[in-house]
Amino acid sequence: MAKITSEMQPLSQILVRSSDQFIIPDFQRAFVWTDEEANNLINDFMADTDNFTVDIDSLPGYLLGNIVLIKNNSDNSADVVDGQQRLTTLTLLFKAVFIALEKLQHEQSETANKWYRVMADIDKAFQFLDSDDKFKGLRILHNSSLDFGETYKAIIKNESISPSQSSSESDENLNIVFETLCDRVNEIQESGEKQFKNFIKYIQDKVMLIVTTADSKEKAFQLFEVLNNRGRSLEPMDLLKSNFMKILYNDKSITETQKDEFNSNWNEFIKVLSKQKIQTSTFTKHYILGTYGQNIKQDKLFTFFDNKKLDSKDILELSKSLKHCATIYSSIVKNSRDNLFSQSNNSFILFNLLKLKQMLSLLIPFYNSSNSLKEDILDLAVKYGASVLFSFTQTNQIEKELETALSKALKKSTDEEKYNEIKAHLSDRIIENIRQLKVVLPIKSFANPSGNANQKASLLLKFIELYFNDNVIILAPPKKIELEHIMPRSADAQRYQFSSDKEKAEFTNRIGNLTLLDKSANIAAKNKDFIEKKEYYEESDYKVTSSIVEALTTAINTGNDARRVQLQAQYQPQYSVQDLWLESNINERGQNIAKLLEFALTI
């Protein structure tokens, strides 16, 4: 008889200590997770552990979901029927941790043995080694029909892969997720040795998956169908509704019309969120922060409202507020550029470009404000969010600072007073972040593990182009925008006046050596010297690029537009270059970009 077994297991058991290889079969869909899911994963881990500061052994564990496998009895392998996205991302997370540990061993030679012990068998989570510690195979092996498997393999083996071999959306998603995980792991490592060790212990021993294994395809697919057609799972807000209904029905003063109104409001609140595939718990967490000034964990939402001891009148008002706020909130998620809150570029910048969903909480107190005040709070959110990202401050600080600011602001009477209170608090944080940005940004390497420039560099330059240069082409670029290395990656170190290839590599992916070009221009300019690239820069639609060789001008002599272009020209000067873009040019432009951001983000 065909058997199905199901067991909750920690990742150490599934990935590190297991001898199983997971096969992604040809019927699987593309890899669709992006940086959003990767960031959400790390944010959930941080919330569960109070930023990895609590005793990990005292935690009950974090259940990440199910995976469904078909066990192959002939060898130690299992076909993945459900759970490809999770398993792939988790192996990439372990790979990112392994890279960080290798770097620590290299940089901290006096404590190398300590980090070697921490590293232990981490690499077994993503690869198999032979008796001589040579690569033997991948923990996850993709069917040959899934082209993105080559990109996954290249990431795990530290191999480069040509753009022609890595051009699908799945390939791009894999690279973005891996870059995001590397960035987040580095953030955690830089927060302190204790936190980093706790993080490594946590993902091995406390992150759990329910592993369901069948010994036949028929049983596995039957189970998959059941799991994916079981209806919407019960959430804390469903339990809360039931609790509120009891209170309303036990209150003799509440009319049937009022009960119907509550049901209508609540159902509409759920409906508008589900249309945009927004979890009610995610919205409610943001709602509580934006309405009560408290940052509550998602598993404490029911307890939060239950402890409020709301009466019938409070419950009816809450249902109206939830419906109203969910309607505006979901419109922002649906279309950040044109929604019920704003039709400005700043909304797009905040949620599409910077992808700072935490800032949704900050807007909630201003849903009914004047349009000018809405734009003010959006601009403040953009400045603060950008200052966090581009100073390489941990993004989990955002919710902490929002809680502090909102808890004070919500005590104020008017929307203007609330805004001023938030502005006063966040302005101090922006000043601190800019101070760090000016030191770190010019010398920061934006290299990803494969040696290419990472997505954050592209994000920073696109931000400058849209926010500072007001170039709306970033909203919907007609051609693919790529990062261009002004000094080519293939440049000869000696010819470019570097003492070694290692020294040249330290400057290759600094922001002073990076700019934006359309894909076709980037291909044409690829390995040319600066003198030959000038024509591509002059013709570029991006001011951040054209300004390198040609002063920005406008035919308008007066007014706001003229003033804006004057500032753009002032903070984006041209450079004295003969034939080659050298170390001095990279340093100078890096400093200038830092000064530009200081001006743009200062309130």
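Residues numbered from 1 in each chain as written. Predicted model: local features only at pLDDT ≥ 70, side-chain atom pairs only at ≥ 80, totals over all residues. Heavy atoms only, no water.

A. Region of the structure containing the overall build of the protein chain. Of the regular secondary structure elements, the protein chain holds 25 helices and 10 strands. Over its C-alpha atoms the protein chain spans a radius of gyration of 26 Å, differing by no more than 12% from the 25 Å that the globule rule assigns to 603 residues. Contacts spanning at least 24 positions in sequence make up 73% of the contacts within the protein chain whose residues lie at least 6 apart. Counting every atom, the protein chain has about 28,300 Å² of accessible surface; 45% of that belongs to carbon and sulfur. One way to put it: in the protein chain the 74 positive side-chain charges average out to a point 3 Å from where the 83 negative ones average out. (Helix = DSSP H or I, 4+ residues; strand = E, 2+ residues; numbered from the N terminus. Rg over C-alpha atoms; globule rule 2.2 N^0.38 Å. Contact = heavy atoms within 4.5 Å. Areas by Shrake-Rupley, 256 points an atom, 1.4 Å probe, with all protein chains shown as cover. Lys, Arg positive; Asp, Glu negative; His and termini not counted. Charge placed at Lys NZ, Arg CZ, Asp CG, Glu CD.)

B. Inspection of the environment of valine 565 at higher detail. Residue placement: valine 565 occurs in helix α24 (residues 559-571). Sequence spacing of valine 565 and isoleucine 278 is 287 residues, and the spatial spacing of their C-alpha atoms is 40 Å. Dropping the residues within four chain positions of it, valine 565 is found in contact with Leu552, Thr553 and Thr554.

C. Just a negative patch on the surface, in detail. Taken together, the side chains of Glu532, Glu535, Glu538, Glu539, Glu550 and Asp579 make up a negatively charged region of the molecular surface. Examined against the element boundaries, glutamate 539 turns out to sit in the loop between α22 (530-538) and α23 (543-546). Glutamate 539 gets classed as exposed once you look at its relative accessible area, which sits at 62%. (Patch = residues over 30% accessible without salt bridge, like charges linked within 9 Å, V, L, I, M, F, W, Y side chains within 5 Å. Salt bridge = Lys/Arg side-chain N within 4 Å of Asp/Glu carboxyl O. Buried < 20%, exposed > 50% of the residue type's maximum accessible area, 1.4 Å probe, protein only.)

D. Broad picture of the side chain of asparagine 346. Tracing the sequence through the fold places asparagine 346 in helix α14 (residues 345-353). Exposure remark for asparagine 346: the relative accessible area of 13% places this residue in the buried category. Discounting chain neighbours no more than four positions away, the residues touching asparagine 346 are Leu378, Asp379, Val382 and Tyr467.

E. Layout of the packing of aromatic side chains. Per the counting criterion, the structure on display carries 26 aromatic pairs. Grouping aromatic residues by their ring pairs yields a cluster made of Phe244, Phe262, Trp266, Phe269, Phe283, Tyr287 and Tyr329. We note lysine 259 situated over the ring of tyrosine 249; from NZ or CZ to the ring centre the distance is 4.2 Å. The side chain of lysine 444 reaches across the aromatic face of phenylalanine 392, ending 4.8 Å from its centre. (Phe/Tyr/Trp six-rings, centres within 6.5 Å; stacked < 30°, edge-to-face > 60°. Lys NZ or Arg CZ within 6 Å of the ring centre and 35° of its normal.)

F. Local environment of the nonpolar core. Membership of the largest hydrophobic core comes to 98 residues, with the highest contact counts inside it found for Phe463 and Leu597. When residues of this core are assigned to their parent elements, the largest contribution, 11 residues, is made by helix α16 (residues 371-390). Filtering out sequence-adjacent residues up to four positions away, leucine 597 remains in contact with Phe390, Leu437, Leu441, Leu460, Phe463 and Ile464. Residues Leu11, Met46, Ala78 and Ile200 belong to the second largest nonpolar core, which totals 59 residues. (Core = buried A, V, L, I, M, F, W, Y, C linked by side-chain atoms within 4.5 Å.)

G. View of the pattern of salt bridges. Per the stated rule, a full pass over the model turns up 22 salt bridges. Lysine 357 is the partner of glutamate 36 in a salt bridge, and the nearest nitrogen-oxygen pair spans 3.0 Å. In this pair, glutamate 36 sits in helix α2 (residues 35-49) while lysine 357 sits in the loop between α14 and α15 (360-363), placing the two residues 321 residues apart along the sequence. Residues joined by salt bridges that share partners form a network here, namely Asp57, Lys201 and Asp205.

H. The arrangement of the pairing of strand β2 (residues 21-24) in detail. Along β2, one buried face is formed by Gln21 and Ile23 and the opposite face, lined by Phe22 and Ile24, is buried too. Across three bridges, the pairing between β2 and strand β4 (residues 77-82) is parallel. By the bridge assignment for β4, phenylalanine 22 is matched with alanine 78. With three bridges joining them, β2 and strand β7 (residues 140-142) adopt parallel strand pairing. From the neighbouring strand, isoleucine 24 faces β7, where its bridge partner is histidine 142. (Pairing = 2+ DSSP bridges.)

I. The arrangement of the pairing of strand β10 (residues 514-518) in detail. Within β10, five of the five residues are buried, which leaves it mostly tucked inside the rest of the structure. Neither face of β10 is exposed, since Leu514, Leu516 and Asp518 on one face and Thr515 and Leu517 on the opposite face are all buried. The pairing of strand β9 (residues 481-485) with β10 spans five bridges and is antiparallel. Paired with leucine 483 across the two strands is leucine 516, which belongs to β10.

J. Molecular detail of the side chain of arginine 184. Structurally, arginine 184 can be placed in helix α6 (residues 169-190). Of the residues examined, arginine 184 reaches a relative accessible area of 4% and is grouped as buried. The residues touching arginine 184, leaving out its near neighbours within four places in the chain, are Asn39, Ile42, Asn43, Met46 and Thr395.

K. Summary view of helix α7 (residues 193-205). The terminal C-alpha atoms of α7 lie 18 Å apart, and with 13 residues this matches the ideal 18 Å at 1.5 Å per residue to within 8%. Buried within α7 we find Gln195, Phe196, Asn198, Phe199, Ile200, Tyr202, Ile203 and Gln204. (Expected span 1.5 Å × (residues − 1).)

L. Structural view of the sheet that holds strand β3 (residues 62-72). A sheet is described by the order of its strands in space; here six strands give the open sequence β1-β8-β3-β4-β2-β7, paired in mixed fashion. Of all strands in the sheet, those with a lone pairing partner are β1 (4-10) and β7, marking the two edges. The average undirected angle you get between the axes of adjacent strands in this sheet is 35 degrees. (Axes fitted to C-alpha atoms, helices over the stretch in contact; angles between N-to-C directions.)

M. Layout of the packing of α6 against α7. At a minimum axis separation of 6 Å, α6 and α7 run at an interaxial angle of 130 degrees. On the basis of the axis angle, α6 is oblique to α7. Contacts from Val185, Ile188 and Gln189 in α6 reach Gln195, Phe196 and Phe199 in α7. Residues belonging to the contact of α6 with α7 are distributed by class as follows: four nonpolar, two polar and no charged. (Parallel < 35°, antiparallel > 145°, perpendicular 65-115°, else oblique. Nonpolar A, V, L, I, M, F, W, Y, C, P; charged D, E, K, R; others polar.)

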